[in-house]
There are 2 protein chains.
Amino acid sequence: MTTAKTRGISILLVDDHPVVRQGYRRVLEHQDDFRVVAEADNAAEAYRAFKAHAPNVVVMDISMPGASGLEAIRNIRARDADARILVFSMHSEAAQVKAAFGAGASGFVTKGSEPAELIQAIRSVARGEHAMSGDVARVLALQSLAPTKSALDQLGEREIEILRQLAAGSTKEQIAENLNLSTKTVQNYHYLIKAKTGMRTDAQLVRLAVECGLANL
Amino acid sequence: MTTAKTRGISILLVDDHPVVRQGYRRVLEHQDDFRVVAEADNAAEAYRAFKAHAPNVVVMDISMPGASGLEAIRNIRARDADARILVFSMHSEAAQVKAAFGAGASGFVTKGSEPAELIQAIRSVARGEHAMSGDVARVLALQSLAPTKSALDQLGEREIEILRQLAAGSTKEQIAENLNLSTKTVQNYHYLIKAKTGMRTDAQLVRLAVECGLANL
DNA sequence: ATGCAGATCGGGAAATTTGCCCGAGGGAAT
DNA sequence: ATTCCCTCGGGCAAATTTCCCGATCTGCAT
């Protein structure tokens, strides 16, 4: 609550990879009106740091262990509806982008973008605007044209969770236990997922999950 | 071919994300005996840059489009068997680590490591030693205790072919047709593959296939 | 020659799972 | 209040998996 607003942009960096974070910090601090005031490597830490430092912009990688990135965004926005959060992700899946904005992010830049794009996006977000890198905009534009429901939109939350665990290699029994469901229910979800997405094979489901950023590798 | 060896360590940075690359560059150049002499964002470019600059160490992210990271390592090593390549990856899957070393890498550090670990690894590799971060070593140690025969060695040619098509998303009927086999035979192979590899789920088979380079994506 | 090992190909039968339909309960929206 | 959708599971025939088996064919050592 100092004179943060009057001069420069204060930034909270959230990424679970120390080296990566260190790298960003150096890139960002090269701009002399940027100040990285805190770092965090998980959702809970990010929330604490936000409360403690009230940064102008949060730059966050949402692919953190536990898929907690979206949670972190929601938590921060719940505390401060004016919080500016710029998501900085490896992927540019339409579903992920929409989920991020839906959770309250103000911007979305992929790690494939030029540093200048990230820097510009941070300035835009700090100004209260929305920002996204060119590739993200292109992906969103394309999929808004196609009537393809992104395959995942037609799935409920439970279905998505089960799809992810399926793709992760869990057996139906394990999933049933993880989620406190009967094996039968998991079987039914499995069937429904295949029916809704049009996939015939489990292998195709895995590929779909990977494409949608639900599973890695 | 200048006085590169006498003073400091010259480095070629390979990563397909410009921002990430920029970040590493700053982290590395903070060490005053490190010099990043070139960057590349794909396998072909990496090879060209290696030829042009003959760096002491190549720091490479192998998760690049086209799964070409291992190719790049092999190409570079084919040209210069003394090339020092340090892989810098998001993941620490045992299979990936072994593939990297098998292709000729001298080190493997995950992005989850502290910057100091990366820097130390670079020095080790430059000295001609092998290096890996603690988490990678742990993963390797654990799985070396298991008598896993690399999973694919125990599979016959036909089994591997069927595994690949399975992982590619083909149905058993399609595979049977492709290979002029009865559906029954394909089912039997499917069963045998699962039995031999110890995988319980089709999704696990897909992951195995991807890890072993049988399938991409 | 002979035998052994192993890869390839498929049949058979029991056990399990899938495919598909159905109903019930809860919550959100109208 | 009513409708809609998500969640959760039962039921049952059809399909698949699991595991066993035998038949070729090849290479390779005896």
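Look up: the structure comes first, before these words.
Keep in mind it's a predicted model, so treat the numbers as computed, not measured.

Trainee: Looking at this structure, how should I read the sheet that holds strand β2 (residues 34–40) of chain A?
Mentor: In a beta sheet, neighbouring strands are held together by backbone hydrogen bonds and run either parallel or antiparallel to one another. Residue and element names in this part refer to chain A. The six strands are arranged β2-β1-β3-β4-β5-β6 in an open sheet whose pairing can be described as parallel. The strands lining the two open edges of the sheet, one partner per strand, are β2 and β6 (131–132). Looking at chain direction, strand β4 (residues 85–89) and strand β5 (residues 107–110) are connected through four bridges and run parallel. By the bridge assignment, Leu 86 is partnered in β5 with Gly 107. Sheet contacts for helix α1 (residues 18–29): β1 (9–14), β2 and β4; angle to β2, the most-contacted strand, approximately 165°.

Trainee: Before we go on, may I ask you to explain helix α9 (residues 183–197) of chain B in this structure?
Mentor: Residue pairs three or four apart in sequence face the same way in an α-helix, which turns once every 3.6 residues. Residue and element names in this part refer to chain B. The terminal C-alpha atoms of α9, which comprises 15 residues, lie 21 Å apart, in line with the 21 Å expected from a rise of 1.5 Å per residue. Where α9 is concerned, the buried positions are Val 186, His 190, Ile 193 and Thr 197. Axial view of α9: buried residues confined to an arc of 65°, hence all on one face. Along α9, exposed side chains directed more than 90 degrees from the buried face belong to Lys 184 and Tyr 191. Downstream of α9 by one or two residues, Gly 198 has phi in the positive range, about 80°.

Trainee: Hey, could you run me through the pairing of β1 of chain A in this one?
Mentor: Along a regular strand, successive side chains alternate from one face of the sheet to the other. All names here are of chain A. In terms of residue burial, β1 counts as a mostly covered element, since six of its six residues are buried. Burial along β1 is two-sided: the face carrying Ile 9, Ile 11 and Leu 13 and the face carrying Ser 10, Leu 12 and Val 14 are both buried. Bridge count for β1 against β2 is six bridges, and the pairing is parallel. In the strand pairing of β2, Leu 12 is matched with Ala 38. At this point the chain moves from β1, through α1, to the parallel β2, and the crossover so formed is right-handed.

Trainee: How do you make sense of the packing of aromatic side chains when you look at a structure like this?
Mentor: Describing an aromatic ring pair means giving the distance of the ring centres and the angle of the ring planes. Residues and elements named next belong to chain A. By the definition in use, this model includes two aromatic pairs over all chains. Between Tyr 24 and Phe 88 the ring centres are 5.0 Å apart and the planes differ by 70°, which places this aromatic pair in the edge-to-face class. Of this pair, Tyr 24 sits in helix α1 while Phe 88 is found in strand β4, placing the two residues 64 residues apart along the sequence. By the burial criterion, Tyr 24 is buried, and Phe 88 matches it.

Trainee: What should I look at first to understand the packing of helix α2 (residues 43–53) of chain B against helix α3 (residues 69–79) of chain B in this one?
Mentor: Packed helices, taken two at a time, are described by their axes: the angle between them and the distance between them. All names here are of chain B. Two elements in contact, α2 and α3, have axes separated by 9 Å at closest approach and are oriented at 25°. Comparing the axis directions of α2 and α3 gives the class roughly parallel. The crossing of α2 and α3 is right-handed. Residue-level contacts link Ala 43, Ala 46, Tyr 47, Phe 50 and Lys 51 of α2 to Ala 72, Asn 75, Ile 76 and Arg 79 of α3. Residues belonging to the contact of α2 with α3 are distributed by class as follows: six nonpolar, one polar and two charged.

Trainee: For this particular structure, what's the right way to read the interface of chain A and chain B?
Mentor: You'll often see interface size given as the accessible area lost when the parts meet. Taken together, the contact between chain A and chain B spans 35 residues of the former and 37 residues of the latter. Buried surface at the junction of chain A and chain B, summed over both partners, amounts to about 3100 Å²; 68% is from carbon and sulfur atoms. Between chain A and chain B we count zero salt bridges in total. The tally of links from chain A across to chain B stands at six residue pairs in polar contact (both at pLDDT 80 or more).

Trainee: Just checking my understanding: could you explain the protein's contact with DNA strand C for this structure?
Mentor: Within the structure, DNA strand C sits among 16 residues, and Gln 187 of chain A together with Arg 158, Lys 184, Thr 185 and Tyr 189 of chain B are positioned closest to it. When atoms of DNA strand C within 4 Å of the protein are split into backbone and base, the sugar-phosphate part holds 64%. One of the side-chain nitrogen or oxygen atoms of Lys 172 of chain A is found 3.0 Å away from a phosphate oxygen of DNA strand C. Contributions of two or more residues to the surface near DNA strand C are made by α8 (172–179) and α9 (183–197) of chain A together with α7 (157–168) and α9 of chain B. The element best represented in the surface near DNA strand C is α9 of chain A, accounting for five residues. Its residues placed into classes, the surface near DNA strand C shows three nonpolar, six polar and seven charged.

Conventions and cut-offs
- Residues numbered from 1 in each chain as written.
- Chains lettered and ligands numbered in written order.
- Predicted model: local features only at pLDDT ≥ 70, side-chain atom pairs only at ≥ 80, totals over all residues.
- Heavy atoms only, no water.
- Pairing = 2+ DSSP bridges.
- Helix = DSSP H or I, 4+ residues; strand = E, 2+ residues; numbered from the N terminus.
- Contact = heavy atoms within 4.5 Å.
- Axes fitted to C-alpha atoms, helices over the stretch in contact; angles between N-to-C directions.
- Expected span 1.5 Å × (residues − 1).
- Buried < 20%, exposed > 50% of the residue type's maximum accessible area, 1.4 Å probe, protein only.
- Arc of directions from axis to C-beta.
- Right-handed = clockwise from strand over helix to strand, strands pointing away.
- Phe/Tyr/Trp six-rings, centres within 6.5 Å; stacked < 30°, edge-to-face > 60°.
- Parallel < 35°, antiparallel > 145°, perpendicular 65-115°, else oblique.
- Left-handed = near helix turned anticlockwise from the far one by under 90°.
- Nonpolar A, V, L, I, M, F, W, Y, C, P; charged D, E, K, R; others polar.
- Buried area = accessible area lost by both parts, 1.4 Å probe.
- Salt bridge = Lys/Arg side-chain N within 4 Å of Asp/Glu carboxyl O.
- Polar contact = N/O pair within 3.5 Å; in protein donor to acceptor, adjacent residues only side chain to side chain.
- Near = heavy atom within 4 Å.

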